[in-house]
Amino acid sequence: MAVPSPFLAPHPLRPDPAVPPDASADCPPSLDFGDPASLATLRGLTDAGAATRLLHECVAYQRALDARLDALLARRPDLDRAAASLLRSAPPLLSLAASDASALRDSSSSTAALADALSSRVRHLDAAHSRAESALARAEAALDRSRALDAARRALAADDLTAAASAAHEFLAIDSRFPTDDDLRRDLLDIKRRLEGLARRRLSAAVDAQDHPVVLRLVRLFPLLALADEGLQVYVAYLKNVVALRARADFEHLTELISATTQPTPERPDFVGCLTRLFKDIVLAVEENDAVLRELRGEDAVAYAIIELQEECDTRGTQILRRYADYRKLARLSSDINSYTKNLLSVVGSVANAAGGNEGPDPREVEHYLEEILALTQLGEDYTEFMVNKIRGLRDVKPELGPQAMKAFRNGSFSKMEKDLTGFYVILEEFFMVENIRKAIRIDEPVPDGLTTSMVDDVFFLLQSCCRRAASTASINSLLAVLGGATSLLSNEYQEALQWRMREPNLGAKLFLGGVGVHKTGEEIATALNNMDVSSEYVLKLRHEIEELCPEIFHAPADREKIKSCLSELGEINASFKKILHSGLEHLVASVAPRIRHVLDIVTTVSYELDDAEYGENEVNDPWVQKLLLAVDTNVAWLQPMMTSNNYDSFVHLIIDFIVKRLEVIMMQKRFSQLGGLQLDKDVRSLINHFSEMSQRPVRDKFSRLSQMSTILNFERVSEILDFWGDNAGHLTWLLTPAEVRRVLGLRIDFRPEAISALRL
C-alpha cells in the first residue's frame, strides 16, 4: 500500500479494541496526526530534524491505521454471514411482531375510549352527588338555624342566658359556613344584642357584689357572643379589684397598727406578712383562674392577666415597702450613719469611737432592720422569679406580650422601690459589720481552754453572717459592696489588731525570766500567733463558702466574674496573714535560739577524728546530741500545749532550720576519720528521730544536706562517690554542689587531695 504524504491529515479511525496496536510502534507519537489542529503545528516547523522525526512518526501512524483496517476487513466474511442469517429469519418474526403490535394498539384504543366514557360519567355523578350533599347541608343548616333561633328565643324568654348564648353561637357558626341575609339572621342578631346587654349589666352587678360564681358563669358567655376580648378585660379587672380590696384592707390594718404606737398592743406591724398576702393573692388569681383565662383567649389571656395584676403589685407592693421605709425611718437612719462617719472603714474612725466619741445607731436595732429588709427583698425576688418562670412557660403567645411582661417585672415601680430598699440595706449592713467588728476587737479577751482570743471567732462569725445575708438579697451590687467592706476590714483594722498582739520588742527577756519559761508570756505570744494562724484558715473558709453559695443565686457569667475578682482579694489577705505569721514565728525563734546556741557551740569542741576507743566512748557518753535535744525540749516543747498544731510544727521546723544551718557550718570546719563520719551519721539520725516525734510534718528533708555529708564521710574510697553521682544517683537528689562534695571529701583525713581533685563531677 502506498504511503500518503505526511502533510495530508488522514481521516482518524476509531481503534478497534479487539485489534492490538502496531507492534512496530515503540511509543505513542508526539503529535496527534488525526487532529486537524495538528496542521498548524506542522506548518510552523522550521527545523529539519524535527520535521524528519515527525515524518517517521506519521509513517508509523499510517502503518498502524493500515493494520487496523486490514483487521477490520478480515472480519467482513463473518459479518456478511451473520447479516444473511438475520435476513433469512427476520421476515416471519417482524411480521408476527407487527400483527401483535396492531392488536395491542386496537385494544388500548378501545380501552381508553371506554375509560374516558366511564370517567366522564363518574365526574357527572360526583358533581351531582356534591350538589345533592350541598343542598342537603343547606337544608339541614336552614333547619338548624331555625331550631337555634327558636332555642335562643325560648332560652331568652326563660332568662337562661347560657342556653341563649350557646344557641346564638351555634346559629352564628352555621351562618359563617352558609352566609345569608334573611329575616332569621336579623332576628338572631337582635337577640344577640339583647343578650350582650343583659350579660354586661349582670356581669357588672356580679362584679360589684363580688359574687365569684356568678362572675365566672357570666364571663364564660362572652366567647360565645364573640366578645372574648371584652370578657377578658372585665374578668381581669375583676381579679385586680379583688386583689386590691384585700391589699387595701391589709394595708389599712397595718397603718392602724403603726398609728397605735402610743398604746401598747400585742400585735406589731407585720410588713412581711402584708406583702406575703399580696403576692399570694396575685399568684392564686393567676393559678386558680388559669383554665378560665385560657378559655377566653388561650395563653395570651394568661400573659395579659399577669401584666395587669403586676400593675396592682406595683401599686400595692410599692406602697407597703415605702410605708416600711418610713416606719423604720431608713432614709434618716442612713443619713445619720453617713454623718456619723465619712468612712466607716477608716482606722481613725475606730480610734475615735474607742475614745468615746459620738455614738451612732444601735447595731442591735440595725440588725433587726437588716433581717426585715432581707425578708422583704427575698419575698420580692421569690415572687418575681415565680411569675417570670410562669411567663417563660407560655409557648403560644403574641411576640410582643413576653417582653412586655418581663419589662413590667424588671422596670416597674415595685422593682425600683426594691432597689431603693436594697440601697438602704447596703448602708446599714456596712455599718453593722464595721461597728460589730470594731466592738469585737475592743472587747477581745482570752477564751477559757481555747488557743485563740474571742476576737477571731466573733469577727469571722460576723463576716460570715453579713456575706450570707448580702448574697441572699440576690443583688450583685449589695454582695460586692459587703465583700469589699469585709476585705477592707480584714486587711486594715483586723490585721492591725492581730499584729498589735504580736508586737513584743523584748520578747526573749520576758519569755525566759531567770532562765525559766514564763507561762503567761508564752501563752500571750502563742495566742497572738494562733490568732493569725486561725484567721488565715478562716479567710479561706469564708472564701470557699461564698464560692459555693453564689452559683446557686447568681447565674449570669458577668456577675460570677465580678464575685471571683472580689474573692481573689481574700486570697491575697490569706497570703498576707501567713507572711505576718511566718515573721512572728521567726521572731519567736530568734528569742529561743540563744538558749540553744550555747549547746551548739559545744559541738565546735567535739572531735570527729575518732579511733575505735574514742568511737566506743561516744557510744557510752554522747558528747553533744542529747544535750542539744534536752535544750530543745526545755525551751521549745513547753510551748506546744499553747500553740495550734500548725504553728507548733512551723515553730519546730524553724528551730530545725536554725540548728541545721549552724551544724553545717560547724561540720564544714572539722576533720573526720571514717569512724568520725560514722559518728556524724549516727548523730544526724538521732536528731531526725527526735524531731520526727516532735512534729507532725516530715523533718527528714531538713537534714538532707547533713545526711549527704555523713554519707560522703563514710566512703571507703574517694572514687566511691561516683557510684552515687550523676546517672548512678537513681532516686537520690543531691543537694550538695560538686564544689561542696569535694570540700566534704577533703574533710576526711585519709583522703588524698590529688584523688579528690581528679574527680569528674
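Everything discussed here concerns the structure shown above.
Scope of this entry: the structure provided in the associated data block. (Residues numbered from 1 in each chain as written. Predicted model: local features only at pLDDT ≥ 70, side-chain atom pairs only at ≥ 80, totals over all residues. Heavy atoms only, no water.)

### Section: the overall build of the chain
For the chain, the count of helices and strands is 28 helices and two strands. Buried residues in the chain amount to 42% of all 761 residues. Put simply, the chain shows about 41200 Å² of open surface, and 55% of that area lies on carbon and sulfur atoms. (Helix = DSSP H or I, 4+ residues; strand = E, 2+ residues; numbered from the N terminus. Buried < 20%, exposed > 50% of the residue type's maximum accessible area, 1.4 Å probe, protein only. Areas by Shrake-Rupley, 256 points an atom, 1.4 Å probe, with all protein chains shown as cover.)

### Structural notes on the packing of helix 8 (residues 228–259) against helix 10 (residues 290–327)
At a minimum axis distance of 9 Å, the contact between helix 8 and helix 10 shows a crossing angle of 20°. One element, helix 8, and the other, helix 10, form an angle in the roughly parallel class. Where helix 8 crosses over helix 10, the two elements pack in a sense that is right-handed. When the residues that make up the contact of helix 8 with helix 10 are grouped by side-chain class, the tally is 19 nonpolar, three polar and nine charged. (Axes fitted to C-alpha atoms, helices over the stretch in contact; angles between N-to-C directions. Parallel < 35°, antiparallel > 145°, perpendicular 65-115°, else oblique. Left-handed = near helix turned anticlockwise from the far one by under 90°. Nonpolar A, V, L, I, M, F, W, Y, C, P; charged D, E, K, R; others polar.)

### Quick look at a negative patch on the surface
Side chains of E609, D611, D612 and E614 sit close together on the surface and give a patch of like negative charge. Secondary-structure assignment places D612 in helix 22 (residues 612–620). (Patch = residues over 30% accessible without salt bridge, like charges linked within 9 Å, V, L, I, M, F, W, Y side chains within 5 Å. Salt bridge = Lys/Arg side-chain N within 4 Å of Asp/Glu carboxyl O. Lys, Arg positive; Asp, Glu negative; His and termini not counted. Charge placed at Lys NZ, Arg CZ, Asp CG, Glu CD.)

### What about the nonpolar core?
F651 and F691 are the most contacted members of the largest nonpolar core, which totals 196 residues. Those residues in contact with F691, other than ones at most four positions away along the chain, are L629, V632, V652, I656, I659, V699 and F703. (Core = buried A, V, L, I, M, F, W, Y, C linked by side-chain atoms within 4.5 Å. Contact = heavy atoms within 4.5 Å.)

### Some points on the environment of L321
Tracing the sequence through the fold places L321 in helix 10. The spacing of L321 and I373 is 52 residues in sequence and 9.3 Å in space, taken between C-alpha atoms. If we skip the residues at most four places from it in the chain, L321 touches L275, L376, F414, M417, E418 and L421.

### A closer look at unusual backbone geometry
At A226, a residue that is not glycine, the phi angle is positive and equals roughly 60°. The residue A226 is located in the loop between helix 7 (221–224) and helix 8 in this model. Here A226 falls in the exposed class, since its relative accessible area comes to 62%.

### Details of the pattern of salt bridges
Enumeration over the complete set of coordinates arrives at 32 salt bridges. The salt bridge involving D281 is made with R246; its shortest N-O contact spans 3.4 Å. Here D281, found in helix 9 (residues 271–288), pairs with R246, found in helix 8; they are 35 residues apart in sequence, far enough to count as distant. On the basis of relative accessibility, which here comes to 15%, the residue D281 falls in the buried class. When the shortest N-O distance is used, the salt bridge between K390 and D290 registers 3.6 Å. With K390 in helix 13 (residues 363–392) and D290 in helix 10, this residue pair connects regions lying 100 residues apart in the sequence. Salt bridges linked by common partners bring E287, D290, R294, E299 and K390 together as one network.

### Quick word on helix 24 (residues 645–667)
Relative to the 33 Å expected for 23 residues at 1.5 Å per residue, helix 24 spans 32 Å between its end C-alpha atoms, a close match to the ideal helical length. Along helix 24, 17 of the 23 residues are buried, which leaves the element largely enclosed by surrounding structure. (Expected span 1.5 Å × (residues − 1).)

### Considerations on the packing of aromatic side chains
A complete count under the given rule lists 13 aromatic pairs for this structure. With centroids separated by 5.2 Å and ring planes inclined at 75°, the aromatic side chains of F271 and Y324 adopt a geometry described as edge-to-face. Here F271, found in helix 9, pairs with Y324, found in helix 10; they are 53 residues apart in sequence, far enough to count as distant. Classification of F271 by relative accessible area gives buried; the value is 5%. For Y324, a relative accessible area of 1% corresponds to the buried category. Centre to centre, the rings of F279 and Y383 are 4.2 Å apart; their planes meet at 5°, and the pair counts as stacked. Here F279 is found in helix 9, whereas its partner Y383 is found in helix 13, with 104 residues between them in sequence. Comparing F279 with Y383, the two get one shared label, buried. Among the aromatic side chains, those forming a connected cluster through ring pairs are F279, Y383, F409 and F414. Residue placement shows R748 over the ring face of F751; its charged tip is 4.1 Å from the ring centre. (Phe/Tyr/Trp six-rings, centres within 6.5 Å; stacked < 30°, edge-to-face > 60°. Lys NZ or Arg CZ within 6 Å of the ring centre and 35° of its normal.)

### Digging into the environment of M387
Locating M387 in the fold gives a position in helix 13. For the pair M387 and Q310, spaced 77 residues apart in sequence, the C-alpha to C-alpha distance is 9.4 Å. Ignoring anything within four residues of it in the chain, the contact list for M387 reads I282, V283, V286, I306 and F409.

### Comments concerning the packing of helix 17 (residues 476–502) against helix 19 (residues 519–553)
Between helix 17 and helix 19, the least distance of the axes is 10 Å, while the angle of their chain directions is 170°. Between helix 17 and helix 19, the angle falls in the class roughly antiparallel. In this structure, helix 17 contributes L479, L483, L490, Y494, L498, Q499, R501 and M502 to the contact, and helix 19 contributes I525, A528, L529, N531, M532, S535, V539, I546 and C550. Each residue belonging to the contact of helix 17 with helix 19 can be placed in one class, and the counts come to 13 nonpolar, three polar and one charged.

### Examining the side chain of K390
Look at K390 and you get buried, because its relative accessible area is 18%. When residues no more than four places from it in sequence are discounted, the contact partners of K390 are V286, E287, D290, V302 and I306.

### Quick notes on the side chain of E372
Here E372 is to be found in helix 13. We classify E372 as buried; its relative accessible area is 16%. In terms of polar contacts, E372 uses its side chain to reach the side chain of H368, at 2.9 Å. If we ignore the near neighbours within four places in the chain, the residues touching E372 are V272, Y324 and R328. (Polar contact = N/O pair within 3.5 Å; in protein donor to acceptor, adjacent residues only side chain to side chain.)

### Let's talk about the state of the cysteines
According to the stated counting rule, one finds zero disulfides in the structure shown. Of all cysteine sulfurs, the one in C467 lies closest to C466, which takes part in no disulfide; the gap is 6.8 Å. Taking the relative accessible area as the measure of exposure, C466 reaches 0% and is therefore buried. Left without a disulfide partner, C566 is nearest to the cysteine sulfur of C467, which lies 8.7 Å away. Residue classification places C566 among the buried positions, given a relative accessible area of 11%. (Disulfide = S-S within 2.5 Å.)

### Observations concerning the environment of M643
With respect to the element layout, M643 can be found in the loop between helix 23 (625–635) and helix 24. With 191 residues separating them along the chain, M643 and T452 place their C-alpha atoms 9.0 Å apart. If we skip the residues at most four places from it in the chain, M643 touches L451, A526, L529, N530, L585, L588, Y648 and F651.

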